[in-house]
Amino acid sequence: KLEEVIPDPPKEEPEVPKEDPKDDPEENPEDHTPLVLNVVGRYLKDAQGNIVNLHGFGQTYSPYFNEEGKRWNNYDVANCLKYNKGIIDQILAAGWRMNFMRLHMDPYWSDDTALLEVRYEGHERFSESRFHKYLDEVFVPMAEYAISKGLYVVMRPPGVSPEQIAIGDSYQTFLLKVWDIVSQHKKLKNNGYVMFELANE
């Protein structure tokens, strides 16, 4: 005598919640802002007290250092930004685990173009009005873009330090002027993602 076999009812698969694209950093590249850092003793630490080591790269915004003028020239802000943002994107897309960018405020933007060119340290032809203008148009937008990609930013003054810096000399006066302007900028003042390299090398 055969018994009727009644199959078990089908098991219901648990409902898997659909992922919100904004929860996936790969799908939402604008949501990579790093944690604010603080200096504790000799360490950089995040809000949870974890030590943060920085690994990164530098960018210099001048035609010469951006493929010798083949990509942009003539104080072309739009193409300077396009080129350098593209470099950041390529570095990150290649999988390099970077978490900071050294941003050189190159004197190409702050030089007084009415004066003769020199092999500069940054202060010889410094124009305060041009520095203000291009801090707003080039350096701050690049800092903001880097931060949006998860990078801390170390801002470096224009040019190269002389072999010696003395209190009250023209180079020290220049540095004080630069950092007074930069540190008071409304988008940089008390910005936990931005650090200052007081003098190059």
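Our subject is the structure that appears above.
Not measured: the values here are computed from a predicted model.

Definitions and cut-offs
Residues numbered from 1 in each chain as written. Predicted model: local features only at pLDDT ≥ 70, side-chain atom pairs only at ≥ 80, totals over all residues. Heavy atoms only, no water. Buried < 20%, exposed > 50% of the residue type's maximum accessible area, 1.4 Å probe, protein only. Helix = DSSP H or I, 4+ residues; strand = E, 2+ residues; numbered from the N terminus. Right-handed = clockwise from strand over helix to strand, strands pointing away. Pairing = 2+ DSSP bridges. Contact = heavy atoms within 4.5 Å. Phe/Tyr/Trp six-rings, centres within 6.5 Å; stacked < 30°, edge-to-face > 60°. Axes fitted to C-alpha atoms, helices over the stretch in contact; angles between N-to-C directions. Left-handed = near helix turned anticlockwise from the far one by under 90°. Nonpolar A, V, L, I, M, F, W, Y, C, P; charged D, E, K, R; others polar. Core = buried A, V, L, I, M, F, W, Y, C linked by side-chain atoms within 4.5 Å.

Visitor: So, the pairing of strand E4 (residues 100–104): which residues are in play, and what are the values?
Guide: Among the five residues in E4, four count as buried, and that is most of the element. A crossover connection joins strand E3 (residues 56–60) to the parallel E4 through helix H1 (residues 77–93); in handedness this β-α-β unit is right-handed. Bridging between E4 and strand E5 (residues 152–156) involves five bridges; their strand directions are parallel. When the sheet's bridge partners are listed, phenylalanine 100 is paired in E5 with tyrosine 152.

Visitor: Account for the side chain of serine 110, with residues named and values stated.
Guide: Tracing the sequence through the fold places serine 110 in the loop between E4 and helix H2 (128–148). Contacts of serine 110, omitting those with residues within four sequence positions, involve Arg125, Phe126, Ser127, Arg130, Phe131 and Pro158.

Visitor: So what about the packing of aromatic side chains? Which residues, and what values?
Guide: For any pair of aromatic rings, geometry is given as the distance between the ring centres together with the angle between the planes. Within the structure shown, the criterion is met by 13 aromatic pairs. Ring centres of tryptophan 109 and tyrosine 134 lie 4.7 Å apart, and the angle between their planes is 50 degrees; on these two criteria the pair is classed as tilted. Separated by 25 residues along the polypeptide, tryptophan 109 in the loop between E4 and H2 and tyrosine 134 in helix H2 bring together distant segments of the chain. Judged by centre distance (5.1 Å) and plane angle (80 degrees), the rings of phenylalanine 126 and phenylalanine 174 are edge-to-face. With phenylalanine 126 in the loop between E4 and H2 and phenylalanine 174 in helix H3 (residues 170–183), this pair connects stretches of sequence that are 48 residues apart. Joined through ring pairs, the aromatic side chains of Tyr61, Phe126, Phe131, Phe139, Tyr171 and Phe174 make up one cluster.

Visitor: How would you summarise the pairing of E5 if you had to cite specific residues and measurements?
Guide: Among the five residues of E5, five are classified as buried, and the element is accordingly described as predominantly covered. The alternating pattern of E5 places Tyr152, Val154 and Arg156 and Val153 and Met155 on opposite faces, both of which are buried. Once you follow E4 into H2 and on to E5, the crossover reads as right-handed. Handedness of the crossover joining E5 and strand E6 (residues 194–196) through H3: right-handed.

Visitor: Could you give me a rundown of the packing of H2 against H3, with the residues and numbers involved?
Guide: Contact geometry for H2 and H3: axes closest at 11 Å, N-to-C directions at 35 degrees. When the axes of H2 and H3 are compared, the crossing they make is right-handed. Across the interface between the two elements, Glu128, Phe131, His132 and Leu135 from H2 touch Lys177, Val178, Ile181 and Val182 from H3. For the contact of H2 with H3, a count of residues per class yields five nonpolar, one polar and two charged.

Visitor: Can you tell me about unusual backbone geometry, naming the residues and giving the values?
Guide: Its identity as a non-glycine residue notwithstanding, glutamate 67 has a phi of 65 degrees, on the positive side. Looking at the secondary structure, you find glutamate 67 in the loop between E3 and H1.

Visitor: Before we move on, can you summarise the nonpolar core with the specific residues and values?
Guide: In this structure, Leu103, Met105, Trp109, Phe139 and Met155 are the most contacted members of the largest nonpolar core, which totals 37 residues. Breaking this core down by element, the ones donating at least two residues are H1, E4, H2, E5 and H3. The leading source of residues in this core is H2, at 11 residues. In this structure, Leu37, Val52, Phe100 and Val154 belong to the second largest nonpolar core, which totals five residues.

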